[in-house]
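# A structural walkthrough
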Amino acid sequence: METRTVVSEFTGTALLVLFGVGSLVLAGDYINAVGISLAFGFILIAIAYAFGRISGCHINPAVTLGVLLAGRIDIRKAAEYWIAQLVGGIVGAAVLYLLAKQVPRLRTDDAFGSNGYGGRSPVGIGAGGAFLAEVLLTFLLVFVFLTVTQKLTMTGIEPVPVGLALAAVNLVGIPLTWTSVNPARSLGPALFAGGGALSQLWVFLIAPLVGGVLAAVVHRFTHLHPAAQAEEQATEPRPGPWGRMRGGHRPEAGGPEAKGPKAA
């Protein structure tokens, strides 16, 4: 186990829950859905710049599943990421719960930024609709992640489109389910909210994973895998100047290059 990557995923997920879900729990009445969506997007960009060069900043089991299916990590590293993310989500929710309890008259039972459908959805969407919505929203997020990143780590401006994608899916998903697209984000708040949040949790654990699988499948059809592309470029001979192949061969001759005015 590489400690740095595990600690990065744990810390990043805890921070995402603390500040992302915290924007809903503590400031939702003041910033509304647009502000909450931007908070999720901004915090993801910030965390990705902090940890992207270390672990890739998945901080989401659905993203890790997509990266695993894309062949960029092995199952052992994926399992380490999943454990770190789920534990990080719970710890982040615990810290947020302690903070929320300091605010007078703030309700946490059966709420606390948890996801829901039916009577727990702002628009009353049913279980089937919530499942479909979470699959599609997670598909977008994971597909963007797989497309803009070329390897395990996240560098350069790559965090920006991923953060914008998270903000976009929250803009659409908050009125529907309060937006999960991340099992770790859903698990932590649900454990402290209790009640209906726990009974409906299954949707927000399974649907994002299905969306991650769908994104990985589509990505395989639309983008050549970076490892395969690198291998292809490394093994394919390239003609040099005047049509000669590297190593002093002509492609049409297939043998040693003639030297001087006469062939050897």
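Structure first, text after, so check above.
An account of the accompanying structure is given in this report. Owing to the predicted nature of the structure, the values given are computational and were not obtained by experimental measurement. Position numbers for residues count from 1 along each chain, tracking the sequence in the order it is written. Residues qualify for local features only when their pLDDT is at least 70, as the model is predicted, and side-chain atom pairs are given and counted only at 80 or more; totals for whole chains, interfaces and linings, by contrast, use all residues. Values reported for side chains reflect all heavy atoms of the structure, with hydrogen atoms and water molecules removed beforehand.

## So, the packing of aromatic side chains
Each pair of aromatic rings taken from Phe, Tyr and Trp, with Trp reduced to its six-membered ring, is defined by centres within 6.5 Å and is described as stacked if the planes are under 30 degrees apart, edge-to-face if over 60, and tilted in the remaining cases. Taken as a whole and assessed by the stated rule, the structure comprises five aromatic pairs. Aromatic ring contacts, followed pair by pair, group Tyr97, Phe112 and Phe192 into a single cluster.

## A look at a nonpolar patch on the surface
Without a salt bridge and with relative accessible area above 30%, a residue can belong to a patch; like charges are then joined within 9 Å and nonpolar side chains (Val, Leu, Ile, Met, Phe, Trp, Tyr) within 5 Å. Per-residue accessibility takes into account occlusion by the displayed protein chains alone, with areas from the Shrake-Rupley method and a 1.4 Å probe. Here a salt bridge means any side-chain nitrogen of Lys or Arg lying within 4 Å of a carboxyl oxygen belonging to Asp or Glu. Judged by side-chain polarity, Val34, Leu38, Phe42, Leu171 and Val172 come together as a nonpolar surface patch covering roughly 470 Å² of accessible area. A helix here means a DSSP run of H or I that spans at least four residues, while a strand means a run of E at least two residues long, and both kinds are numbered starting from the N terminus. Those elements that provide at least two residues to the nonpolar patch are α1 (3–55) and α5 (159–177). At three residues, α1 tops the list of elements feeding residues into the nonpolar patch.

## A closer look at α1
Residue count minus one, scaled by 1.5 Å, sets the expected span of a helix. For α1, with 53 residues, the first-to-last C-alpha span of 10 Å runs short of the 78 Å given by 1.5 Å per residue. The sharpest bend along α1 reaches about 135° and sits at Gly28. One or two steps after α1, the chain reaches Gly56, where phi turns positive at roughly 90°. We define the bend at any residue as the angle between the axes fitted to the seven residues before and including it, ending there, and the seven starting there.

## Quick look at the packing of helix α2 (residues 61–69) against helix α4 (residues 127–148)
Note on definitions: angles span 0 to 180 degrees between N-to-C directions of axes, and those axes are lines fitted to C-alpha atoms, for helices only across the stretch in contact. Packing of α2 against α4 brings their axes to within 10 Å, and their N-to-C directions diverge by 50°. Viewed along their axes, α2 and α4 adopt a mutual orientation that is oblique. Here α2 and α4 pass one another in a crossing that is right-handed. Residues Ala62, Val63, Gly66 and Val67 of α2 lie in contact with α4, whose contacting residues are Thr138, Val142, Phe145 and Leu146. In the scheme used here, Gly and all other residues not listed as nonpolar or charged are polar, with Ala, Val, Leu, Ile, Met, Phe, Trp, Tyr, Cys and Pro taken as nonpolar and Asp, Glu, Lys and Arg as charged. Residue classes in the contact of α2 with α4 are distributed as six nonpolar, two polar and no charged. Throughout, the term roughly parallel applies to angles under 35 degrees, roughly antiparallel to angles over 145, roughly perpendicular to angles from 65 to 115, and oblique to all others. By definition, turning the near helix anticlockwise from the far helix through less than a right angle yields a left-handed crossing, and turning it clockwise yields a right-handed one. We call two residues contacting when some pair of their heavy atoms lies within 4.5 Å.

## What about the environment of Gly35?
As for its position among the elements, Gly35 is in helix α1. Taking the C-alpha atoms as reference points, Gly35 and Ser23, 12 residues apart in sequence, are found 8.0 Å from one another.

## A short note on the pattern of salt bridges
Considering all chains together, one arrives at two salt bridges under this definition. With a shortest N-O distance of 3.8 Å, Glu80 and Arg76 are connected by a salt bridge. Placement of both Glu80 and Arg76 in helix α3 (residues 75–100) is noted, with a separation of four residues, approximately one turn of the helix.

## Looking at empty space enclosed by the protein
Both site types are read off a 1 Å grid over the protein atoms alone. A 1.4 Å probe that fits but cannot get out defines a cavity, while an open set with protein on both sides within 12 Å along at least five of seven lines defines a pocket; lining residues have an atom within 4 Å of a point. Grid points are joined across faces, edges and corners, and a volume is the space filled by probe spheres set on the points. For the structure on display, the rule yields two cavities of 30 Å³ or more. There is about 130 Å³ of room inside the largest cavity. When residues of the lining of the largest cavity are traced back to their parent elements, those giving at least two are α1, α4 and α5. Residue composition of the lining of the largest cavity, grouped by class: 11 nonpolar, six polar and one charged. Estimates place the volume of the second largest cavity at around 30 Å³. Contributing to the lining of the second largest cavity are Ser114, Asn115, Ser186, Ala190, Ala197, Leu201 and Phe204. Secondary-structure elements contributing two or more residues to the lining of the second largest cavity are α6 (183–193) and α8 (201–222).

## Observations regarding the packing of α3 against α6
Packed helix pairs are characterised by how far apart their axes lie and by the angle those axes make with each other. Taken N-terminus to C-terminus, the directions of α3 and α6 make an angle of 45°; their axes are 8 Å apart at the nearest point. The angle between α3 and α6 places the two elements in the oblique class. Seen from above, α3 lies across α6 with right-handed handedness. Residue-level contacts link Gln85, Leu86, Gly89, Ile90, Ala93, Ala94 and Tyr97 of α3 to Ala184, Leu187, Gly188, Pro189, Leu191 and Phe192 of α6. For the contact of α3 with α6, the residue count by class is 10 nonpolar, three polar and no charged.

## Topic: the nonpolar core
Counting residues in each nonpolar core, the largest one holds 48 residues, and the members touching the most others are Leu16, Ile47, Phe112 and Leu166. Listing elements by their share of this core, those giving two or more residues are α1, α2, α3, α4, α5, α6 and α8. Top contributing element to this core by residue count: α1, with 13 residues. To qualify as a nonpolar core, a set must consist of buried Ala, Val, Leu, Ile, Met, Phe, Trp, Tyr and Cys residues joined through side-chain atoms within 4.5 Å. Whether a residue is buried, partly exposed or exposed follows from its accessible area with a 1.4 Å probe, protein chains only, as a fraction of its type maximum: under 20%, in between, or over 50%, in that order. Within the second largest apolar cluster, five residues are counted, among which are Tyr117, Ile125, Val203 and Phe204.

## A word on unusual backbone geometry
Unlike most non-glycine residues, Cys57 shows phi in positive territory, near 50°. Mapped onto the secondary structure, Cys57 falls in the loop between α1 and α2. With a relative accessible area of 2%, Cys57 lands in the buried category. The backbone phi angle of Arg105 is positive, close to 65°, even though this residue is not glycine. When you line up the elements, Arg105 lands in the loop between α3 and α4. Using a relative accessible area of 83% as the deciding quantity, one classes Arg105 as exposed.

No statement about biological role is implied by the geometric values presented.
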